[in-house]
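One-letter residues, chain by chain:
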Amino acid sequence: MAVGIFDSGLGGLTVLDAVQKRLPDVPFVYYGDNAHAPYGVRDADDVYDLTTKAVERLWDAGCDLVILACNTASAAALRRMQESWVPRDKRVLGVFVPLIEALTERQWGDNSPPREVAVKHVALFATPATVSSRAFQRELAFRAIGVDVEAQACGGVVDAIEEGDMILAEALVRSHVDALRRKMPKPEAAILGCTHYPLMQDVFQDALGEDVQVYSQANLVAESLADYLTRHPNMIGDGTGPGFLTTGDPKRVSSRATQFLRREISFTAA
Ligand code: DGL
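Bear in mind the structure is a predicted one, so any value in this text is a computation, not a measurement. (Residues numbered from 1 in each chain as written. Predicted model: local features only at pLDDT ≥ 70, side-chain atom pairs only at ≥ 80, totals over all residues. Heavy atoms only, no water.)

Focus on the site of the ligand
Taken together, 13 residues are adjacent to the ligand, and Ser8, Tyr39, Gly40, Thr72 and Thr195 come closest. Between the ligand and serine 8, the relevant distance is 2.6 Å, taken from an oxygen atom to a side-chain nitrogen or oxygen of the residue. The class makeup of the residues in the shell around the ligand is 5 nonpolar, 7 polar and 1 charged. (Near = heavy atom within 4 Å. Polar contact = N/O pair within 3.5 Å; in protein donor to acceptor, adjacent residues only side chain to side chain. Nonpolar A, V, L, I, M, F, W, Y, C, P; charged D, E, K, R; others polar.)

Let's talk about the environment of arginine 88
By secondary structure assignment, the location of arginine 88 is in the loop between helix 4 (78-84) and strand 4 (91-93). In this structure, the C-alpha to C-alpha distance between arginine 88 and threonine 14, residues 74 residues apart in sequence, is 29 Å. (Helix = DSSP H or I, 4+ residues; strand = E, 2+ residues; numbered from the N terminus.)

Some details on the packing of helix 5 (residues 96-103) against helix 11 (residues 218-231)
Direction vectors running N to C along helix 5 and helix 11 enclose 105°, while the axes themselves pass 9 Å from each other. One finds that helix 5 runs roughly perpendicular with respect to helix 11. On helix 11, the residues that touch Pro98, Leu99 and Ala102 of helix 5 are Leu220, Val221 and Ser224. The class makeup of the residues in the contact of helix 5 with helix 11 is 5 nonpolar, 1 polar and no charged. (Axes fitted to C-alpha atoms, helices over the stretch in contact; angles between N-to-C directions. Parallel < 35°, antiparallel > 145°, perpendicular 65-115°, else oblique. Contact = heavy atoms within 4.5 Å.)

A word on the UniProt feature "binding site: substrate" (unreviewed entry) in the chain
When the UniProt feature table is mapped to this numbering, "binding site: substrate" (unreviewed entry) covers Asp7, Ser8, Tyr39, Gly40, Asn71, Thr72, Thr195 and His196. The annotated residues occupy 190 residues of the chain but converge on a single region, no pair of C-alpha atoms lying more than 12.1 Å apart. On the secondary structure map, tyrosine 39 appears in the loop between strand 2 (28-32) and helix 2 (44-60). By relative accessible area, which is 1% here, tyrosine 39 ends up buried. (UniProt positions renumbered as here; feature names shortened; annotations may be inferred. Buried < 20%, exposed > 50% of the residue type's maximum accessible area, 1.4 Å probe, protein only.)

Notes on the pattern of salt bridges
Following the criterion strictly, the structure yields 14 salt bridges and no others. Across the salt bridge formed by glutamate 223 and arginine 22, the nearest N and O atoms sit 2.8 Å from each other. With glutamate 223 in helix 11 and arginine 22 in helix 1 (residues 12-22), this residue pair connects regions lying 201 residues apart in the sequence. Here arginine 143 ties to glutamate 101 by a salt bridge, and the two come within 3.7 Å at their closest N and O atoms. Taken together, the positions of arginine 143 in helix 7 (residues 135-143) and glutamate 101 in helix 5 put the pair 42 residues apart, joining distant regions of the chain. Beyond isolated ion pairs, a larger network of salt bridges with shared partners links Asp17, Lys21 and Arg263. (Salt bridge = Lys/Arg side-chain N within 4 Å of Asp/Glu carboxyl O.)

Written out as structure tokens, the structure reads:
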């Protein structure tokens, strides 16, 4: 039995870590498409082709349910996949909705009309592809009115994290926060709309200041997945997990993953 967790690279490990802690009895298979990261500078067709290939590999590993722990794939490819590609007996879910539910203080699946919410000024930090898709704003508009979202495309941050250059990643985060503040001087909340960014959460919080509430996805997705699996227990596939698959160099990726999660992680070739 296993559930698949997909990301373009190492960022989805932040989600994997949270779901493993929340659901210790569920085996997971992780797929990092490190050879093709970052996705955030690719066009939607490219992201769709790479994401569907990865999800097929996870189906082959016995995962009937795959979580796209990647906002870029969730924004650029998920809707198209769900509309015309995912077979009846499989499910692919993204990471956007749990975050928006939390921001708008709604219960999972609450389909009532959009209403006013407490936070009015929200900063969104995400990859260039996620920002240009406007998927976050679209999902938010279904649930909330009167929220001003200022998006900052954080070019270079994913590349730096994938390379393990955390000094460059920190400098880039600080300059992206400065750029955001020039457009929105006083955000009340900030969304880390890329699963790589929780690896830099302390830097975001420090640069934004303590009075800004920083939302990141890992724990929210873990709660939503636990709820989903209670309602759909048959969606835990027959794969045996745990496993870590990568299209990159397994040795290099294992070493970075071990550094990030502070426990031994061993990837094999996808
Ligand atoms: N972790 C991916 C996300 O959440 C990073 C995308 C990329 O590879 O640029 O968007």
